[in-house]
Every structure is written in structure tokens, then in C-alpha cells.
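# Analysis of the macromolecular model
Next come the chains, spelled out residue by residue.
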Amino acid sequence: HRVREAVVSTQSTGPGAKGETGERGNTGARGIAGIKGVQGPQGLPGAGVQGAKGQKGSAGKPGIPGDAAQTIQLNPYIVAFHSQKNVAPKCFDGMTELWTGYSFMFVDVSNTETAQPLSEPGSCWREFYPKQLLICKTDKCTDSADEYSVWLSTADIPDDVTPHDHYPYSERWTDETEDRIKDYVSRCVVCVSDYRLMAVHSYRSQKPDTTHMEKNGWVELYSGFSFIFQKASSYGMGNQMSDHGSCMQYYSPVMTVQATSHEVKWINNMPKTMWIVDAEMVEQHDIYDGPVDLEVGPGADRKRMRENYLGRCVVMHKSAKNRRVLYYAPSG
């Protein structure tokens, strides 16, 4: 009984003295990250010096092709060509057609002529009609049979036919004769040319030598015969010898169509044409033998005239490779 009492007595006593510190425990698991804090104020500029310039980079890759540009010549040439046939000619390469029409030469009003150079667009009228002139005074305007217009005729006469047999002598202008009349009026075309034209004449029955021009970028466009002047009743029209209108591709002793308000004529003693002839032929002719008199009615005589007597010419144009005056026109 005494031992039991001692045990009971010990359990009822208060806490004992603090024990010694135990050994450090193991590190616990890492906690989760905290939320991001608010941004702080901007710092002060650094005090360092600027670095040196870097080396040039390598070339980049080629870009994609751009849209096509429009090249338009700054000073295009507006020119006319005459077929001397009843079919309109075509513009040559490097040209753009504007219109076609009938080959007009000049008007004769009270024996006074006003002409259109055959190389200019004013010589190509869209329509042919004889009643195109009115004389206007203070109170009224009237037409007149005394005033007439002169047009370029066709020149494609077969060598087995004379001019008198080929052309009508004259025709009255009616609905029935209109198509027949127009069959003997030359047609024309007006073109925009990218290059300049120039006629060169040999004054011989052979084509001129254009070697020097070709070396300097000129190209032959066509050849023909040297046509210098067309006369009407008292006056006439000439051609600048450098203009391509002075170089006609075909020769005919009948070059004009004379139209009044009611009649159209081809065979007429009043109009006359003048052509350059071979200078050597003229030098060999003795002026005391009288004037040179050559028949051109029969086909054989016209052929001999073309081959042996008429001066020849060529029309040259500046090569497109030498064009420089172009500018860029943006689309739209």
C-alpha cells in the first residue's frame, strides 16, 4: 500500500522543469509562389557612353516585281499617210491609228489656194463630199460652182491601160455615182508615231544612199518617187522636201480629183503635178533641142518614166532603240 500511494502522489504534481533543446528537424516542403507585386517607378538614365556604329549588314533578298509602268512619249508625232488607192493604209510598226479617211490636198477659192501638207493630219478628212464649201458674206452664205476642192486621186493604173481609159472624165455627184467616185479617191490614215520621220531624195533614178544615216540609228520605212508640187488653176501647193509627204510610193500622171458643188473631175488640163527628175538626164539634154517631152500615156512609157527619169526617195525613221524622251504616267 505504500508504493501505490507514492505513485499517486507523483501524478498529481505540476509541470516539470523545461527540458534541453532538441535536435533541428528536417526542412519542410517549399511553399507556393506569392502574387506579383506592383511595378516600381522608372529608374534613372544610365551613365554609360553610346556604343560604336555596327558593321553594314548583308544584302537583302530581291523584292517581288512591281506593277508595270506606262511609258508615254513627251512629244509624239502626229502624221498622215496616203495609200494612193481606194483602201486606207495601215500605220507602221511603232504607231497607233487615230482615224482613216480621204486624202485632201487644197481648196481653190477665187484663184487663191490654201493647202494641207500631205504629211500632216489635216490632209486626211474622215469623209469625201464635193459640197464642203460655203462662201459667207454679211447677210448670207452660199455655195458656188466656181470654188472647188482638190483631192489626191488613186494611182494604181494598170500598165496596160492609159489614164484616159482608167479614170472617169467627170461625174456628177448623186446617190448613184457616189460609190463610183470614191473608188478613184485616195484613202489615208492618221497615226501617232513614236519616232520622227524624214524624207531623203537622191535626185537620181536610184534610191539614195542612206548608209551614214543607218549607222546613226535611222531605219528605212518605205521608198518612193520625189513629188514636189501640185498646181491648180493659178496657184498650187508644195511639199517640204524633208517631209515624208514629198515621197509618194506610186507615180501617176493624174494625181488630183477636182470637186465642185455638183461635179467631180479627174481628166482636166488645169491641174498639173511636178516631180523631181534624174539630174543626169537633165544635164544630158540640150536646151536648144526644146523642152523635154516624155509620153506617159501608154503603160510602157509610164514604166520607162518611173525607172529611168523620176527622182527616187526613201522615208527614214529614227530607230526605237534611240528613243530617250519618255516619261512615266502613273495608272489611274
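Residues numbered from 1 in each chain as written. Predicted model: local features only at pLDDT ≥ 70, side-chain atom pairs only at ≥ 80, totals over all residues. Heavy atoms only, no water.

With that out of the way, let us pick up the overall build of the protein chain. Of the regular secondary structure elements, the protein chain holds six helices and 19 strands. The buried share of the protein chain, taken over its 332 residues, is 34%. Long-range contacts, defined as pairs at least 24 residues apart, comprise 79% of the intrachain contacts of the protein chain with a sequence gap of at least 6. (Helix = DSSP H or I, 4+ residues; strand = E, 2+ residues; numbered from the N terminus. Buried < 20%, exposed > 50% of the residue type's maximum accessible area, 1.4 Å probe, protein only. Contact = heavy atoms within 4.5 Å.)

What follows concerns unusual backbone geometry. Unlike most non-glycine residues, Gln-84 shows phi in positive territory, near 60°. Tracing the chain through its elements places Gln-84 in the loop between strand 2 (77-82) and strand 3 (95-109). Positive phi values are uncommon outside glycine, yet Tyr-203 reaches one of about 60°. The topology assignment puts Tyr-203 in the loop between strand 11 (197-201) and helix 4 (211-215).

To describe a pair of aromatic rings, one takes the distance between the centres and the angle between the planes. Counted by the stated rule, this structure contains 12 aromatic pairs. On the numbers, 4.2 Å between centres and 25° between planes, the contact of Phe-104 with Trp-125 is stacked. Remark: Trp-125 occurs in strand 5 (residues 124-125) and Phe-104 occurs in strand 3; sequence separation between them is 21 residues. For Phe-104, a relative accessible area of 3% translates into the label buried. (Phe/Tyr/Trp six-rings, centres within 6.5 Å; stacked < 30°, edge-to-face > 60°.)

All right, on to the environment of His-317 then. Mapped onto the secondary structure, His-317 falls in strand 18 (residues 312-318). Expressed as a C-alpha distance, the spacing of His-317 and Val-219, which sit 98 residues apart in the sequence, is 5.4 Å. Beyond its immediate chain neighbours, meaning those up to four positions away, His-317 contacts Tyr-195, Arg-196, Leu-197, Gly-217, Trp-218, Val-219 and Leu-221.

What follows concerns the pattern of salt bridges. A side chain of one charge can pair with a side chain of the opposite charge when the charged atoms of the two come close. One pass over the full model with this rule turns up seven salt bridges. A salt bridge links Glu-171 to Arg-180; the nearest nitrogen and oxygen atoms lie 2.6 Å apart. Residue class for Arg-180 comes out partly exposed when judged on its relative accessible area of 39%. If you follow the salt bridges from partner to partner, you end up with Glu-127, Glu-178 and Lys-182 in one network. (Salt bridge = Lys/Arg side-chain N within 4 Å of Asp/Glu carboxyl O.)

Turning next to the side chain of Arg-312. Take Arg-312: it is sitting in strand 18. Here Gly-224 takes part through its backbone oxygen, which lies 2.9 Å from a polar atom of the side chain of Arg-312. (Polar contact = N/O pair within 3.5 Å; in protein donor to acceptor, adjacent residues only side chain to side chain.)

The next point concerns the state of the cysteines. As enumerated under the stated definition, the model contains four disulfides in all. Here Cys-91 pairs with Cys-191 through a disulfide, and the sulfurs are 2.0 Å apart. The sign of the -95° torsion about the S-S bond sets the Cys-91-Cys-191 disulfide as left-handed. Here Cys-91 is found in the loop between strand 2 and strand 3, whereas its partner Cys-191 is found in strand 10 (residues 187-193), with 100 residues between them in sequence. Across the disulfide, Cys-247 is cross-linked to Cys-313 (sulfur-sulfur distance 2.1 Å). Taking the sign of the torsion about the S-S bond as the criterion, the disulfide between Cys-247 and Cys-313, at about 95°, is right-handed. You can see Cys-247 sitting in strand 14 (residues 247-248) and its partner Cys-313 sitting in strand 18, a full 66 residues away along the chain. The connectivity of the disulfide bonds within the protein chain can be written as 1-6, 2-5, 3-4, 7-8, using the sequence rank of each bonded cysteine. (Disulfide = S-S within 2.5 Å.)

This brings us to the pairing of strand 11. In terms of residue burial, strand 11 counts as a mostly covered element, since four of its five residues are buried. Pairing of strand 11 with strand 18 involves five bridges; the strand directions are antiparallel. Bridge pairing links Ala-199 to Val-315 in strand 18. (Pairing = 2+ DSSP bridges.)

A few words now on helix 6 (residues 299-308). Taken together, the buried positions of helix 6 are Gly-299, Asp-301, Arg-302 and Met-305. The arc that holds every buried residue of helix 6, seen down its axis, measures 165°, which confines them to one face. For helix 6, the secondary structure elements touched by its buried residues are helix 2 (163-166). (Arc of directions from axis to C-beta.)

Right, let's talk about the confidence of the model for the protein chain for a bit. Residues with a pLDDT of 70 or more make up 82% of the protein chain, whose mean pLDDT is 81. Here residues 5-9 is a poorly scored stretch, pLDDT under 50, and it has zero contacts once near neighbours within four places are set aside; other chains count. Confidence drops under a pLDDT of 50 for residues 324-330, and excluding neighbours within four residues, the segment shows 13 contacts in the predicted structure. (pLDDT = per-residue confidence, 0-100.)

Along the chain, the position of Arg-187 falls in strand 10. Asp-183 provides the closest opposite charge to the buried, salt-bridge-free Arg-187, at an N-O distance of 5.3 Å. In this structure the side chain of Arg-187 is engaged in a polar contact, spanning 2.9 Å, whose partner is the backbone oxygen of Val-185. (Lys, Arg positive; Asp, Glu negative; His and termini not counted.)

Right, let's talk about the environment of Tyr-169 for a bit. Note that Tyr-169 resides in the loop between helix 2 and strand 9 (170-172). By relative accessible area, Tyr-169 is classed as exposed at 52%. Distance from Tyr-169 to Lys-265, taken between C-alpha atoms, is 6.0 Å for residues 96 residues apart in sequence. Setting aside residues no more than four positions away along its own chain, Tyr-169 makes contact with Val-264, Lys-265, Trp-266 and Ile-267.

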